[in-house]
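# Report on the structure
Residue strings, one per chain:
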Amino acid sequence: MEEIGYISIPIELLQYKKYSELVNNQDANKLILPDFGVKLIKNADGELEYAAYFSDTGELLKKIYYEGSSVSCIKHYRNNILYSDEYYEKGLLLKKIKYDNSGSITSTSKFFYNKSDKIISIQKSVDNNRYEVQYGYDELERVNSRTIIVNSKEITKQEYRYDILDRIVEYSDNTQTIKVTKINKDNELISYTIQDKAGNIININNKYLCSKYIGTEMELNGHKTTITDKSYTDNVMLKKPYTKEEDLDFAIANMIKKLKVTTKRSNCTDIAKTCISDRIKQNAPLPISIRKKMLFQNT
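What you see is a predicted model; the values in this text were computed from it and never measured.

What follows covers the overall build of the chain. Of regular secondary structure, the chain possesses 3 helices and 19 strands. Expressed as a percentage of the 299 residues in the chain, the buried residues total 30%. Sequence separation of at least 24 residues holds for 17% of the intrachain contacts in the chain that already meet a minimum separation of 6. Surface exposure of the chain reaches about 20,800 Å², of which carbon and sulfur atoms provide 52%.

A word on the pairing of strand β6 (residues 70-78). Across a regular strand the side chains alternate sides, sitting on one face of the sheet and then on the other. Sheet analysis places strand β5 (residues 60-67) next to β6, joined by 6 bridges and oriented antiparallel. Looking at β6, one finds that tyrosine 65 is bridged to cysteine 73. Joining the antiparallel neighbours β5 and β6 is a turn of 2 residues, in which glycine 68 adopts a positive phi near 70°. With 6 bridges joining them, β6 and strand β7 (residues 81-89) adopt antiparallel strand pairing. Bridge assignment links tyrosine 77 to a residue of β7, and that residue is leucine 82. Between β6 and the antiparallel strand that follows it, β7, lie 2 residues; asparagine 79 among them carries a positive phi value of about 55°.

Counting through the fold element by element, aspartate 117 comes out in the loop between β9 (105-113) and β10 (119-126). C-alpha separation for the pair aspartate 117 and leucine 92, spaced 25 residues apart in sequence, amounts to 7.9 Å.

Before going further, it helps to spend a moment on the packing of aromatic side chains. Evaluated as defined, the whole model comprises 3 aromatic pairs. On the basis of an interplanar angle of 35° and a centroid distance of 4.8 Å, the ring pair of tyrosine 50 and tyrosine 65 is categorised as tilted. Here the residue tyrosine 50 occupies a position in strand β4 (residues 48-54), and tyrosine 65 occupies one in strand β5, the gap between them amounting to 15 residues. You'll find tyrosine 50 and tyrosine 65 in the same group, each marked buried.

What follows concerns the environment of threonine 216. As for its position among the elements, threonine 216 is in strand β18 (residues 212-220). Threonine 216 gets classed as buried once you look at its relative accessible area, which sits at 0%. Taking the C-alpha atoms as reference points, threonine 216 and threonine 233, 17 residues apart in sequence, are found 8.4 Å from one another. When residues no more than four places from it in sequence are discounted, the contact partners of threonine 216 are Ile204, Asn205, Asn206, Thr225, Thr226, Ile227, Asp229 and Tyr232. Engagement of the side chain of threonine 216 in a polar contact is seen with the side chain of tyrosine 213, the distance being 2.6 Å.

Our next topic: the layout of surface pockets. Of the pockets and cavities examined, the largest pocket occupies roughly 620 Å³. Forming the boundary of the largest pocket are 22 residues, of which Arg146, Gln158, Met237, Phe250 and Asn254 lie nearest the centre. Of all the secondary structure elements, the ones that give two or more residues to the lining of the largest pocket are β12 (143-150), β13 (153-162) and α2 (245-281). With 6 residues, α2 is the largest single contributor of residues to the lining of the largest pocket. Partitioned by chemical class, the residues of the lining of the largest pocket number 11 nonpolar, 5 polar and 6 charged. Estimates place the volume of the second largest pocket at around 250 Å³.

A word on the pairing of strand β3 (residues 38-42). Both β3 and β4 contribute to a ladder of 5 bridges, which runs antiparallel. Looking at β4, one finds that leucine 40 is bridged to alanine 51. Counting the residues in the hairpin turn of β3 and β4 gives 5 residues, including glycine 46, whose phi is positive at 85°.

Right, let's talk about the nonpolar core for a bit. Buried together is how nonpolar side chains tend to be arranged in soluble globular proteins. Formed by 26 residues in total, the largest nonpolar core has its most connected members in Ile122, Tyr192 and Leu238. When residues of this core are traced back to their parent elements, those giving at least two are β10, β11 (129-137), β12, β13, β14 (168-172), β15 (176-183), β16 (189-196) and α2. Ignoring any residue separated from it by four or fewer positions in sequence, one finds tyrosine 192 in contact with Ile178, Lys179, Val180, Thr181, Ile202, Asn203, Ile204, Asn206, Tyr232 and Asn235. Of all hydrophobic cores here, the second largest spans 7 residues; its members include Ala51, Tyr53, Ile64 and Ile74.

Here we come to unusual backbone geometry. For aspartate 117, which is not glycine, the phi torsion reads 65° and is therefore positive. For aspartate 117, a relative accessible area of 47% puts it in the partly exposed group. Non-glycine residue aspartate 166 carries a positive phi angle of around 70°. Tracing the sequence through the fold places aspartate 166 in the loop between β13 and β14.

The rules behind the values
- Residues numbered from 1 in each chain as written.
- Predicted model: local features only at pLDDT ≥ 70, side-chain atom pairs only at ≥ 80, totals over all residues.
- Heavy atoms only, no water.
- Helix = DSSP H or I, 4+ residues; strand = E, 2+ residues; numbered from the N terminus.
- Buried < 20%, exposed > 50% of the residue type's maximum accessible area, 1.4 Å probe, protein only.
- Contact = heavy atoms within 4.5 Å.
- Areas by Shrake-Rupley, 256 points an atom, 1.4 Å probe, with all protein chains shown as cover.
- Pairing = 2+ DSSP bridges.
- Phe/Tyr/Trp six-rings, centres within 6.5 Å; stacked < 30°, edge-to-face > 60°.
- Polar contact = N/O pair within 3.5 Å; in protein donor to acceptor, adjacent residues only side chain to side chain.
- 1 Å grid on protein atoms, 1.4 Å probe; cavity = no way out; pocket = protein on both sides within 12 Å on 5 of 7 lines; lining within 4 Å.
- Points joined across faces, edges and corners; volume = space filled by probe spheres on them.
- Nonpolar A, V, L, I, M, F, W, Y, C, P; charged D, E, K, R; others polar.
- Core = buried A, V, L, I, M, F, W, Y, C linked by side-chain atoms within 4.5 Å.

Now the structure itself:
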């Protein structure tokens, strides 16, 4: 950044700054760009080809390539090694490629837009898998749906509804529906309900005293209890989705996490079956719930 007339100019725009002529011609040879770590490279016609950005230690951080006055590509570096390429058209990011330290591609992401330049889809290829997130918009151009797709198979679809103040007041997916029933004047989440596909209904009612959280009253299928856990005042599912690559990465991470949990549960089931089998061989008594389950499975 450089201050000009009490405002700070971003380094991405400094190449367009006009410099006053020096009084002495001898001093003209000393004219260099300020030491903010930007080097401008021009082609044979004198047109700007790219701008290279360096850290204060001389490490190459990125190169921004131009077609006329528009950015066409940004190359990012780590430890002076190419880390990612970003390709742009009319100011919109269309493609992103990431590399490992040996230069091999680790992932390729593509971005698709509607006529209003809103992202409607992000596709990411990692190894032999293709992940995708699709976005839908309401009449006010707010994201009202998000669909996660893996290898052309829809995994989940999330839908959102907003109130007049642009807050999410209802969320639903393949497994649950969350409805906000009250938000206070400080925009704090007071009460909401969660209903899953099995028909379970959870009512959450957060209590405050002089704007200080004091506890949460929770009701599950008509049975109540009171707990102290401030996490219930900030339900992550009621957060606005943001149309960036990180959104898809977060979804991928969650799917991998769930896959690991499922695997662990399967292992636990196998272990349980082995223990039951051993007890049967030893003529040891089993709990009545397990005996009923085995009897049901054998009928």
